[in-house]
Structure formats: C-alpha cells, structure tokens
Amino acid sequence: KQIEPLGSGRSIEVDVRVIAATNKNLEEAVKKGDFREDLYYRLNVVPIQTPSLRERPEDIPILMEFFLDKFHQNYGHPPPQLSSEVEQAFLQHKWPGNVRELENCLERLMILYPGQRVSLRDLPFTVDSSPHNVNLPAVQIPEEGVSLKNLVNHFENELILKALERTSGNKNKAASLLKLNRTTLIEKIKKRRLENSPRIFLRNL
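A few points on the structure. (Residues numbered from 1 in each chain as written. Predicted model: local features only at pLDDT ≥ 70, side-chain atom pairs only at ≥ 80, totals over all residues. Heavy atoms only, no water.)

1. A look at the nonpolar core
If you look at the biggest cluster of nonpolar residues, it comprises 23 residues, and the most contacted ones within it are Phe-90, Trp-95, Leu-102, Leu-106, Leu-109 and Leu-123. Contributions of two or more residues to this core are made by α3 (60–75), α4 (84–92) and α5 (98–112). Looking at this core, the element that brings in the most residues is α3, giving six residues. In terms of nonpolar packing, the next biggest core, distinct from the first, is built from 10 residues, Ile-160, Leu-161, Ala-163 and Leu-185 among them. (Core = buried A, V, L, I, M, F, W, Y, C linked by side-chain atoms within 4.5 Å. Buried < 20%, exposed > 50% of the residue type's maximum accessible area, 1.4 Å probe, protein only. Helix = DSSP H or I, 4+ residues; strand = E, 2+ residues; numbered from the N terminus.)

2. Remarks on the packing of aromatic side chains
Evaluation of the coordinates by the stated rule reveals seven aromatic pairs. Aromatic pair Phe-67 and Phe-71: ring centres 6.3 Å apart, planes at 20°, arrangement stacked. With Phe-67 and Phe-71 both in helix α3 and four residues apart, the pair spans about one turn of that helix. Classification of Phe-67 as buried rests on a relative accessible area of 5%. A residue is classified by how much of its surface remains accessible, and Phe-71, at 2% relative accessible area, is buried. (Phe/Tyr/Trp six-rings, centres within 6.5 Å; stacked < 30°, edge-to-face > 60°.)

3. Thoughts on helix α8 (residues 182–191)
Taken residue by residue, α8 has Thr-184, Leu-185, Ile-186, Lys-188 and Ile-189 as its buried positions. The secondary structure elements touched by the buried residues of α8 are α6 (148–166) and α7 (171–177). One or two positions beyond α8, positive phi appears at Arg-193, with a value near 55°. (Contact = heavy atoms within 4.5 Å.)

4. Quick notes on a nonpolar patch on the surface
Together, Val-16, Val-18, Leu-39 and Leu-43 give the surface a local cluster of nonpolar side chains, amounting to about 370 Å² of exposed area. Counting through the fold element by element, Val-18 comes out in the loop between β2 (12–13) and α1 (26–32). Val-18 sits in the exposed class, given a relative accessible area of 63%. (Patch = residues over 30% accessible without salt bridge, like charges linked within 9 Å, V, L, I, M, F, W, Y side chains within 5 Å. Areas by Shrake-Rupley, 256 points an atom, 1.4 Å probe, with all protein chains shown as cover. Salt bridge = Lys/Arg side-chain N within 4 Å of Asp/Glu carboxyl O.)

Right under this line is the structure:
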C-alpha cells in the first residue's frame, strides 16, 4: 500500500485496487517482448477469464431483454418487435465486438424502429447464410410459447456432451471441435454440472 515515484526517495501511502483488462494474450506478448514481464507479474494476481459472447450464446437472450428494457426506459419508446429469424440471427452472429456490439445493435434498432417489427434486412450486421454441417433439432412451438433460454441451454448441453462422447472425454479435443478455449469448456462443464453425466467419462487431464 505504498508507491514510490520514479526518481523519488519518498514513499506515498495509497489505498487503491488495480483492475486491468485486455483482449490480448499477455503471456505470448511477454515472450515476444511486447509487454513488460515485471508489469505482467505485478498485475497477474487474481486472473479472471471472461469468455467472449460467441462462446456463451445462452447469455444473448438475457442480455437482449436487459438492453431493450434499458433503452425503453431511457427513450420512452416501445421496443422493436424482433421476428424469430432476427432472434436466431442474434444467436448465430459471432459478435466480434462482444457485449458492447450487442448493446449498440439493439440501441440502433430501438432508435430506428421503435415499436415496429424488425426483419433481417434491418440488422446492422451481415447474417451468415453459409451452410453448416450441423443438424438442428426440429422445434415445435406450442400455443403457450417456449423458453428460448431453456432451449438454447439444452442445445448447448447436447453439443458439449456429443463433443465429449466423440473424443472419449478428452477436453482438449472436445474444445477444439467446439472452437472453444479449453478453460471456457471446463467452466461450462462445471457450471452445467455435466461432469456427472452418465453419458460420458471425463478424463482428468
């Protein structure tokens, strides 16, 4: 709780907490000489890894609801009406700008189409229409409706379990199949309690 300015022989009492964030791999940057090693080890006390938005699609519906409600209160306009195709596009988008991009996108729709129905052509990002070798389950929507969040969670659980089944529980290979970081996959397995699934034996790698 003391600092000493460069060139000074006098220490100064401080009461601060430093929180630093980056989207770079600092370990690689240190090896390449692009980041100071002493600064890295001073900062790297309690590292917290936050997965990118595309690695946690189950959060997208929750964030969409939160931001639309926020903008509704800020602007006083009714929120735009998102079609099922638009909601699916939000789930499939890669979100290179992460949560900030999602927030800006919804704010733009709120400003341009208050209370109006939004279609794919109204979105500020390009919808990926390329074919994917993934068989999506057929879903019937009952009269009383369905929970999009629950469906997304169930689908993601199935993908994780199938990847683990195919790789005989090898988390490194499963993460590679799902285009995820290994740590992100492990966090999802723990969060969803999939390690106790009778369908797969997870090796302790």
